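A closer look at the structure
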Amino acid sequence: MHRRTYTLDQAAPLLNLGRNTLARRLRQAGVLGSDNLPAGPYRGKTQWLRVATGTYHHPISGWTHYGRTEFTDAGLDHIAAKLGIDLAHLPAHHARRVTPQAHEARSIS
């Protein structure tokens, strides 16, 4: 079963924070390390955090591996509680958020 996950870029607006502010607060709280990957007790907590890995070709360094922290719905709830963010004050809870559908512009003829 594939669960929905959120990158830092996606999670930040759901928590009414900027990406850099969220990352800084998670580092200060001991959730993330200086590399923005799970730290200490948060390593291996797959119900809250996942690390997506991959490779890309850097023009100077060549093939480079990377890891990106992603949060599950339960992880968003957990970090909101840990950071003292009241999810009730958000415009829409992340688990119930509906993605708006794109509409094509039509000319009236």
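Preceding this paragraph is the structure being described.
What you see is a predicted model; the values in this text were computed from it and never measured. (Residues numbered from 1 in each chain as written. Predicted model: local features only at pLDDT ≥ 70, side-chain atom pairs only at ≥ 80, totals over all residues. Heavy atoms only, no water.)

Bringing the environment of P41 into the picture now. Within the secondary structure layout, P41 lies in the loop between helix 2 (19-28) and strand 2 (49-58). Distance from P41 to G30, taken between C-alpha atoms, is 8.5 Å for residues eleven residues apart in sequence. (Helix = DSSP H or I, 4+ residues; strand = E, 2+ residues; numbered from the N terminus.)

Before going further, it helps to spend a moment on the side chain of T5. Among the secondary structure elements, T5 is positioned in strand 1 (residues 5-7). In terms of polar contacts, T5 uses its side chain to reach the side chain of E70, at 2.8 Å. Leaving out residues up to four positions away in the same chain, T5 has contacts with Q10, R50, E70, F71 and T72. (Polar contact = N/O pair within 3.5 Å; in protein donor to acceptor, adjacent residues only side chain to side chain. Contact = heavy atoms within 4.5 Å.)

Moving on, we get to helix 3 (residues 73-82). Inspection of helix 3 places G75, L76, I79 and A80 among the buried residues, and these make up the whole buried set. Along the long axis of helix 3, the arc covered by the buried residues comes to 135 degrees, so they all point the same way. On its buried face, helix 3 sits against strand 1, helix 1 (8-14), helix 2 and strand 3 (62-72). The positive-phi residue at the C-terminal boundary of helix 3 is G84, with phi of around 75 degrees. (Buried < 20%, exposed > 50% of the residue type's maximum accessible area, 1.4 Å probe, protein only. Arc of directions from axis to C-beta.)

So, about the nonpolar core. Grouped together as the largest cluster of nonpolar side chains are 21 residues, with contacts concentrated most on L8, L15, L22, L26, F71, L76 and I79. Per-element tally for this core: the top contributor is helix 1, with four residues. Here L8 is in contact with R19, L22, A23, L26, L32, N36, T69 and F71, once residues within four sequence places are set aside. (Core = buried A, V, L, I, M, F, W, Y, C linked by side-chain atoms within 4.5 Å.)

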